[in-house]
Every structure is written in structure tokens, then in C-alpha cells.
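The primary structure of each chain is shown beneath.
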Amino acid sequence: MQIRRHVYYSGSVQGVGFRYAAANLARGRGLGGWVRNLRDGRVELVVEGDEGAVERFLEDVAEAMGGYIGQAECCEEPPQGGKMGFRVTYERG
């Protein structure tokens with residue numbers, strides 16, 4: 001089953017390689033989505049794919065970056081399908 005999760009991470013999550021660590025963890029797992037820094041100091045992440053792969057990915061992000069994460073707010077969204085691949089993106093000004 002395909003699922004989609006939208007997560008906002010807060011804490012000391014910028015300037016520590018969070019986006020690139022998440023992208024590296026996502027690549028090669030058949031996951032789609034993106035990750036970006038927000039102006040308010042949080043990191044926003046959207047991931048979509050097989051339920052098991054998404055859940056393992058989010059656990060791996062929490063394990064790899066747990067020392068920087070103060071809080072993670074996660075919500076479910078309907079899968080959108082389409083082009084797969086995971087990228088680092090940037091908030092538009």
C-alpha cells in the first residue's frame with residue numbers, strides 16, 4: 001500500500017546536514033518526495049512510497065538525526081503518485 005507523510009522537524013535541524021542525510025536515506029528505497037529548510041528554523045519533509053519503506057525511512061531519519069530533532073510533527077496525506085525520486089529543495093522567498 002502506498003502512503004504519504006508530511007513531517008515538520010524542529011530543534012537544531014538546520015546547518016547540520018539534515019536535508020542531505022534524509023535525501024541519502026531515501027534514495028535507493030523507491031521513495032518519492034522532498035526535504036527543505038524553512039525560514040523559521042524547521043525542516044519540512046514529504047515522503048511517499050510503500051508503507052513499510054516510508055515507516056523504516058522515518059525511523060532511520062529519527063535515528064540518524066535524533067540528536068538534532070527537538071520535535072517532529074507528522075501528518076498523513078493522500079498519496080499523489082507520479083514522478084518518483086527524492087530531492088533537496090528550497091523554500092521560495
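Everything here concerns the structure above.
First things first, this report covers the structure right here in the doc. For clarity, every value in this text was computed on a predicted model and none was experimentally measured. (Residues numbered from 1 in each chain as written. Predicted model: local features only at pLDDT ≥ 70, side-chain atom pairs only at ≥ 80, totals over all residues. Heavy atoms only, no water.)

Here we look at the overall build of the protein chain
Link 1 in the chain: A count of helices and strands for the protein chain gives two helices and five strands.
Link 2 in the chain: When the elements of the protein chain are put in sequence order from the N terminus, they spell out β-α-β-β-α-β-β.
Link 3 in the chain: The C-alpha radius of gyration computed for the protein chain amounts to 12 Å, which stays within 12% of the reference 12 Å derived for 93 residues, consistent with globular compactness.
Link 4 in the chain: Judged by the C-alpha coordinates and their principal axes, the protein chain covers about 35 × 30 × 25 Å. (Helix = DSSP H or I, 4+ residues; strand = E, 2+ residues; numbered from the N terminus. Rg over C-alpha atoms; globule rule 2.2 N^0.38 Å.)

Observations concerning the side chain of E48
Link 1 in the chain: Positionally, E48 belongs in strand β3 (residues 43–50).
Link 2 in the chain: You can call E48 buried: its relative accessible area is 4%.
Link 3 in the chain: One polar contact links E48 to R4, side chain to side chain, over a distance of 2.8 Å.
Link 4 in the chain: A polar contact is formed between the side chain of E48 and the backbone nitrogen of Q80, at a distance of 3.0 Å.
Link 5 in the chain: Excluding anything up to four places from it in sequence, E48 contacts I3, R4, G30, L31, G32, V54, P79, Q80, G81 and M84. (Buried < 20%, exposed > 50% of the residue type's maximum accessible area, 1.4 Å probe, protein only. Polar contact = N/O pair within 3.5 Å; in protein donor to acceptor, adjacent residues only side chain to side chain. Contact = heavy atoms within 4.5 Å.)

Some words on the pairing of strand β2 (residues 32–37)
Link 1 in the chain: Among the six residues that make up β2, five are buried, leaving the element largely enclosed by the rest of the structure.
Link 2 in the chain: Strand direction decides the pairing type here: β2 and β3, joined by six bridges, are antiparallel. The residue bridging W34 from the neighbouring strand is V46, located in β3.
Link 3 in the chain: Once β2 ends, the chain turns through five residues before running back antiparallel as β3, passing G41 with a positive phi of about 95 degrees. (Pairing = 2+ DSSP bridges.)

Some thoughts on the pattern of salt bridges
Link 1 in the chain: Scanning the model with the defined rule gives seven salt bridges in all.
Link 2 in the chain: Put simply, R29 and D60 hold a salt bridge, and the shortest N to O gap is 2.5 Å. Of this pair, R29 sits in the loop between α1 (18–26) and β2 while D60 sits in helix α2 (residues 51–65), placing them 31 residues apart in sequence.
Link 3 in the chain: Given the relative accessible area of 30%, R29 is considered partly exposed.
Link 4 in the chain: Residue E44 is joined to R36 by a salt bridge in which the shortest nitrogen-to-oxygen separation is 2.7 Å.
Link 5 in the chain: What makes E44 buried here is its relative accessible area of 4%. (Salt bridge = Lys/Arg side-chain N within 4 Å of Asp/Glu carboxyl O.)

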